[in-house]
Amino acid sequence: MTATAPPEGFHQGARCLAFHGPLLYESKILKVYLPGQKNEEIEVDEIPEELRDAIAYLIHYKGWKSSWDEWLPQQRVLRWTEENLRLQKELKNEALQQLRSKKANGGSESSPAPAGSADASGGSAVAAAPSSSSAAGSGSHKRKGDAKEHGEARSLKKTRRDADDKEDRFLSQLDVNISIPDVLMAQLVDDWEYVTKNSQLVDLPRKPTVKDIILDFKTNYSKRRLSNAEAEILDEIVEGIQLYFDKCLGSILLYRFERQQYLEISTKNPDKLPREIYGAEHLLRLFVSLPGLLLHTHMDQQSLNVLKAHVEELLKYVILPILVGQTLIRYK
């Protein structure tokens, strides 16, 4: 029997929580797909083949770029309720605790997936609690042990809450804003309109590439009288920027219309990194996203200030001359 309507609370435009990996995020339902029904404004081809036999939702994660919008099955979308909000917080606390434990162990031990995390099939794998029948008849000693465990669990949760509050206060005190010239911000808007509204793409590979841009910056910066420590910092920063770019391009920096081009160019150039194909337009997008990424690196304020100074100089003296006037931008 096919569904004729989505379950209560899962209509188009509804606020919800959705699994992305092991965590839950505040989201919004953009579209609802009902199998066997006439779904207006939905092309079947846009829905992953494995989701076409059941109810599916096009989800937008609040605060994320639309390029992250995705179709999810029913089991990965939860109603916006107090109970599910508590689950969201518990999953976050579990993940943070495991991350801290891993760091304390030098990152040598892998941590199990949090209870309630999404499994490989996309469903939620919530750890089962002992049944009441198995608990019954276990004796007063067992109940005392359970009471002790519950007390320890409450104490652990309080410790986690205190640690989370301290971490939130620490993050809120950091200044990670990167000053981007107004002309480059305008360039970002134009770039967005070319791609998302006009369905135009930058010709690839670009010249100069991100690798060329970073190398040029490093070469000119190195002409200054740098101490050994300053030279090492410069090396770390330029390599770090390129690594961030390679890792973030496919998942964060591309608009939806650019993804097919990304797949095609990657297939044609399997031996090349994104830094060797893309150019200033996409590097600029990285620097807009960088503050949010840096918040989770636990860098101290002094290190952030050094990084910001280098990035802002790179924007002003290298990227700005390339992009002003769109002299090197070619859309097709």
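You'll find the chain entered in an unreviewed UniProt entry as Chromatin modification-related protein EAF3, with Myxozyma melibiosi given as the organism. Note on the chain: under the UniProt heading Subcellular location (unreviewed entry), the record states "Nucleus". As its UniProt record puts it under Sequence similarities (unreviewed entry), the chain is described as follows: "Belongs to the MRG family."

A. Inspection of helix α4 (residues 182–197) at higher detail. With 16 residues, α4 extends 22 Å from end C-alpha to end C-alpha; this agrees with the ideal 22 Å at 1.5 Å per step. All of the buried residues in α4 are L184, Q187, L188, D191 and V195. The buried side chains of α4 occupy one side of the element, clustering within an arc of 105° when seen end-on. Within α4, the exposed residues directed more than 90 degrees away from the buried face are D182 and K197. Lining the buried residues of α4 we find α8 (280–294) and α9 (301–323). Following α4 by one or two positions, S199 adopts a phi angle in the positive range, close to 55°.

B. Layout of the pattern of salt bridges. Across all of its chains, the model carries 12 salt bridges by this definition. Measuring nitrogen to oxygen at the nearest pair gives 2.0 Å for the salt bridge that ties E313 to R224. Residue E313 is located in helix α9, and its partner R224 is located in the loop between α5 (210–221) and α6 (228–253); the two are separated by 89 residues in the primary sequence. Here E239 ties to R275 by a salt bridge, and the two come within 4.0 Å at their closest N and O atoms. Of this pair, E239 sits in helix α6 while R275 sits in the loop between α7 (259–268) and α8, placing them 36 residues apart in sequence. Among the residues examined, E239 registers a relative accessible area of 36% and is labelled partly exposed.

C. Molecular detail of the packing of aromatic side chains. Summed over all chains, the structure comprises 6 aromatic pairs. Look at Y25 and W64: their rings are 5.0 Å apart centre to centre, the planes differ by 65°, and that puts the pair in the edge-to-face class. One end of the pair, Y25, is in strand β2 (residues 23–33); the other, W64, is in the loop between β3 (56–61) and β4 (70–73), with 39 residues separating them in the sequence. We classify Y25 as partly exposed; its relative accessible area is 25%. A relative accessible area of 24% means that W64 is categorised as partly exposed. What links up through ring pairs into an aromatic cluster is the set Y25, Y61, W64 and W68. Looking at R15, its charged tip hangs above the ring of W80, at a distance of 3.8 Å from the centre. Lying across the ring of Y221, R224 places its NZ or CZ 4.0 Å from the centre.

D. Structural view of α8. Spanning 15 residues, α8 covers 20 Å between terminal C-alpha atoms, matching the ideal 21 Å at 1.5 Å per step. Largest kink in α8: about 40°, centred on V288, with the proline P291 one to four residues after it. Turning to α8, its buried residues are A280, E281, H282, L283, L284, R285, L286, F287, S289, L290, P291 and L294. If you follow the buried residues of α8, they end up packed against α4, α5, α6 and α9.

E. Seen up close, the packing of α5 against α6. Between α5 and α6, the shortest axis-to-axis distance is 11 Å and the interhelical angle comes to 170°. Relative to α6, the element α5 lies roughly antiparallel. Facing α5, whose interface residues are V210, K211, I214, F217, K218 and Y221, α6 presents L234, D235, V238, I241, Q242 and F245. When its residues are assigned to classes, the contact of α5 with α6 shows 8 nonpolar, 1 polar and 3 charged.

F. A look at the sheet that holds β3. Taken in spatial order, the 5 strands line up as β4-β3-β2-β1-β5 in an open sheet, and their pairing is antiparallel. Since the sheet does not close on itself, it has two edges, and those belong to β4 and β5 (77–79), each with one partner. Each strand of the sheet is rotated relative to its neighbour by a mean of 50°, with strand direction disregarded. The pairing of strand β1 (residues 15–20) with β2 spans 6 bridges and is antiparallel. In the sheet register, C16 faces β2, and the bridge partner there is S27.

G. Focus on the pairing of β1. Counting the residues that bridge the hairpin from β1 to β2 gives 2 residues, and of these G21 lies at a positive phi of roughly 70°. Two elements, β1 and β5, share 3 bridges in a ladder whose sense is antiparallel. Its bridge partner being in β5, A18 is matched across the sheet by V77.

About the cut-offs
Positions within a chain are numbered from 1, following the residues in the order the chain's sequence is written. Where totals are concerned, whole chains, interfaces and linings use all residues; where local detail is concerned, this predicted model gives features only for residues with pLDDT of at least 70, and gives and counts side-chain atom pairs only at 80 or more. Heavy atoms throughout the structure, all of them, feed into the side-chain values; hydrogens and water do not. UniProt positions are given in the numbering used here, feature names are shortened, and annotations may be inferred rather than shown by experiment. By definition, any uninterrupted DSSP run of H or I lasting at least four residues is a helix, any uninterrupted run of E lasting at least two residues is a strand, and each is numbered from the N terminus. Expected span of a helix: the number of residues minus one, times 1.5 Å. Note on classification: 1.4 Å probe, protein chains only; a residue is buried when its accessible area is under 20% of the maximum for its type, exposed when over 50%, partly exposed between these limits. What the arc describes is the spread of directions from the helix axis to the C-beta atoms. In this analysis, two residues are considered to be in contact whenever any of their non-hydrogen atoms come within 4.5 Å of each other. In what follows, salt bridge is the name for a side-chain nitrogen of Lys or Arg lying within 4 Å of a carboxyl oxygen of Asp or Glu. Ring pairs are drawn from Phe, Tyr and Trp, using the six-membered ring of Trp, whenever the two centres fall within 6.5 Å, and their geometry is named by plane angle: stacked under 30 degrees, edge-to-face over 60, tilted for the rest. Either the NZ atom of lysine or the CZ atom of arginine qualifies as a charge over a ring when it sits within 6 Å of the ring centre and within 35 degrees of the ring normal. The bend at a residue is defined as the angle formed between two axes, one fitted to the seven residues ending at that residue and one fitted to the seven starting there. Helix axes are fitted only over the stretch in contact, all axes being lines through C-alpha atoms; the angle between N-to-C directions runs from 0 to 180 degrees. An angle counts as roughly parallel when it lies under 35 degrees, as roughly antiparallel when it exceeds 145, as roughly perpendicular when it falls between 65 and 115, and as oblique in every other case. As a working rule, the residues Ala, Val, Leu, Ile, Met, Phe, Trp, Tyr, Cys and Pro are called nonpolar, Asp, Glu, Lys and Arg charged, and the rest polar, with Gly in that last group. Only when DSSP finds a minimum of two bridges between them are two strands counted as paired.

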